[in-house]
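# Breakdown of the fold
Listed below are the residues making up each chain.
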Amino acid sequence: MDKPLIETYKHKGMRQSLVDDLYKKGIKDRKVLNAMNKVPRHFFFETALIEHSYDDKAFPIGEGQTISQPFTVASQTQLLSLKQGDKVLEIGTGSGYQACILVELGANLYTIEYNKILFERTRQFLPKMGYNPKFFCGDGTKGLPSFAPYDKIIVTAGGPFVPESLVGQLSIGGILVIPVGDESKQKMLKITRLSATDFEQEEHGLFSFVKLRGSEGWS
Ligand code: SAH
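Counting of residues starts from 1 at the beginning of each chain's written sequence and follows it residue by residue. With the structure being a predicted model, the display of local features is reserved for residues of pLDDT at least 70 and the display and counting of side-chain atom pairs for 80 or more, all residues being used for whole-chain, interface and lining totals. Hydrogens and waters are ignored; side-chain quantities use all the structure's heavy atoms.

## Let's talk about the site of the ligand
Condition: When at least one non-hydrogen atom of a residue lies within 4 Å of a molecule or strand, that residue is treated as near it. Polar contacts, as counted here, are pairs of nitrogen or oxygen atoms within 3.5 Å of one another; within protein the pair requires one atom able to donate a hydrogen and one able to accept it, and residues that are adjacent in sequence qualify only if both atoms are side-chain atoms. In short, Shrake-Rupley with a 1.4 Å probe defines the accessible areas, and a residue's cover is counted only from the protein chains shown. Strands are runs of DSSP state E lasting at least 2 residues, helices are runs of H or I lasting at least 4, and numbering of each runs from the N terminus.
Taken together, 26 residues are adjacent to the ligand, and Gly92, Ser95, Glu113, Gly140 and Arg213 come closest. A distance of 3.0 Å is found between a nitrogen atom of the ligand and a backbone nitrogen or oxygen belonging to Gly92. Between the ligand and Asp139, the relevant distance is 3.0 Å, taken from a nitrogen atom to a side-chain nitrogen or oxygen of the residue. For the ligand, the accessible surface in isolation is 580 Å², of which the surrounding protein chains cover 98%. Looking at the shell around the ligand, the elements with two or more residues in it are strand 2 (65-67), strand 3 (87-91), helix 4 (97-104) and strand 4 (108-113).

In structure tokens:
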């Protein structure tokens, strides 16, 4: 069931207000704000929920999963400090909204989703919007070794600890952004690989994500 992808001035206006709101909440990276201003978030919503598509809130996308809150998407993206052409691995494709933002910023994106139904749906939908990352289905806590190393890795579900496999697939100078904590709240960690053996870790606030499952996540 293909729904028409329609963009009006009203949507553009709502999106601009959302972006202004994100700026006030601390997202100062112009490139990130511009990308958020380009991707039509309402395309990801069912008709009944479309009026909420530019609220700064997470929403259900089926299969018990959510499209992340815009502030969360912007925060994680800002922490990645993306450069044009960066090879990026995203764990948790979900709706594909975060993936579009990353591609908009010039990422050479590999994205992996655990849930087969979401994987199929998003793999078919994103190209219709003009976004063409490389889609994979499987347990992203193990990374995607065949294409490693990555300049940037972003995990869009909350895990109990940092998966060793992901750390090992970072290039030198690479950055991993991952929420880690218990089932209700997670600290946003930014881990930078300084050398083959040295890493630096920063904490960037508390968030609330759906569970990261898999062999190096929640069982
Ligand atoms: N980036 C998404 C956020 C979706 S919510 C968006 O913009 O909409 C997080 C997603 O992570 C869910 O779709 C969930 O199924 C997926 N997920 C959870 N554990 C995973 C794992 N081990 N590997 C890959 N995806 C996983």
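We are not done yet, so read on.
## What about the pairing of strand 5 (residues 134-137)?
Spelled out, the test is: Only strands joined by at least two bridges in the DSSP assignment are considered to pair. If the strands point away from the viewer and the path from the first strand over the helix to the second runs clockwise, then the crossover is right-handed.
Bridge count between strand 4 and strand 5: 4 bridges; the pairing is parallel. Looking at the pairing, Tyr110 lines up with Lys134 of strand 5. The handedness of the strand 4 to strand 5 crossover, carried by helix 5 (residues 116-129), is right-handed.

## Digging into the sheet that holds strand 6 (residues 150-155)
Strands in a sheet are paired, the pairing made by backbone hydrogen bonds, and the direction either parallel or antiparallel. Under the convention used in this document: All axes here are fitted lines through C-alpha atoms, helices being fitted over the stretch that makes contact, and every angle between N-to-C directions spans 0 to 180 degrees. Only heavy atoms enter the contact rule, under which two residues are in contact if any of them lie within 4.5 Å.
Ordered in space as 5-4-3-6-7-8-9, the 7 strands form an open sheet in which the pairing is mixed. Of all the strands in the sheet, just strand 5 and strand 9 (199-207) have a single pairing partner and so form its edges. The sheet shows a mean angle of 15° between the axes of neighbouring strands, taken without regard to direction. Direction of pairing for strand 7 (residues 170-181) relative to strand 8 (residues 186-193): antiparallel, over a ladder of 7 bridges. By the bridge assignment, Val180 is partnered in strand 8 with Lys187. Seen against the sheet, helix 3 (residues 70-80) touches strand 6, strand 7, strand 8 and strand 9 and runs at an angle of roughly 155° to strand 7.

## Let's talk about the side chain of Ser95
Considering the arrangement of structural elements, one finds Ser95 in the loop between strand 3 and helix 4. A polar atom in the side chain of Ser95 sits 3.1 Å from the backbone nitrogen of Tyr97. Not counting residues within four places of it along the chain, the set of residues in contact with Ser95 comprises Phe44, Ile61, Ile67, Thr122 and Leu126.

## Details of the packing of aromatic side chains
Applied cut-off: Pairing of aromatic rings covers Phe, Tyr and the six-membered ring of Trp, with a centre-to-centre limit of 6.5 Å; geometry is then stacked below 30 degrees between planes, edge-to-face above 60, and tilted otherwise. Only protein chains enter the calculation, and the probe is 1.4 Å; a residue is then buried if its accessible area is under 20% of its type maximum, exposed if over 50%, and partly exposed in between. Here, a charge over a ring means that NZ of Lys or CZ of Arg falls within 6 Å of the ring centre while also lying within 35 degrees of the ring normal.
A complete count under the given rule lists 9 aromatic pairs for this structure. Between the aromatic rings of Phe44 and Phe125, the centroid separation amounts to 5.7 Å while the plane-to-plane angle is 85°, which identifies the pairing as edge-to-face. You can see Phe44 sitting in the loop between helix 2 (30-38) and strand 1 (59-62) and its partner Phe125 sitting in helix 5, a full 81 residues away along the chain. In this pair, the class of Phe44 matches that of Phe125, namely buried. Residues Phe71 and Phe207 carry aromatic rings whose centres are separated by 6.2 Å and whose planes lie at 15° to one another, so their mutual orientation is stacked. Of this pair, Phe71 sits in helix 3 while Phe207 sits in strand 9; the two residues are 136 residues apart in sequence, bridging distant segments of the chain. For Phe207, a relative accessible area of 10% puts it in the buried group. The ring of Tyr9 carries Lys12 above its face, with NZ or CZ at 5.4 Å from the centroid. Lying across the ring of Tyr23, Lys28 places its NZ or CZ 3.8 Å from the centre.

## A short note on unusual backbone geometry
Residue Ala148 is joined to Pro149 through a cis peptide bond whose omega torsion reads 5°. For Pro149, the position within the fold is in the loop between strand 5 and strand 6. Here Glu63, not a glycine, exhibits a phi torsion of approximately 60°, which is positive. Given a relative accessible area of 39%, Glu63 falls into the partly exposed group. Of note in this structure, Ser81 is not a glycine but carries a positive phi near 45°. Turning to its location among the elements, Ser81 is positioned in the loop between helix 3 and strand 3.

## Some thoughts on helix 3
Counted residue by residue, helix 3 has 9 buried out of 11 residues, so it is predominantly covered. Looking at helix 3, one finds that the buried residues are Pro70, Thr72, Val73, Ala74, Ser75, Gln76, Thr77, Leu79 and Leu80. Taken from the residues just after helix 3, Ser81 is the one with a positive phi, measuring 45°.

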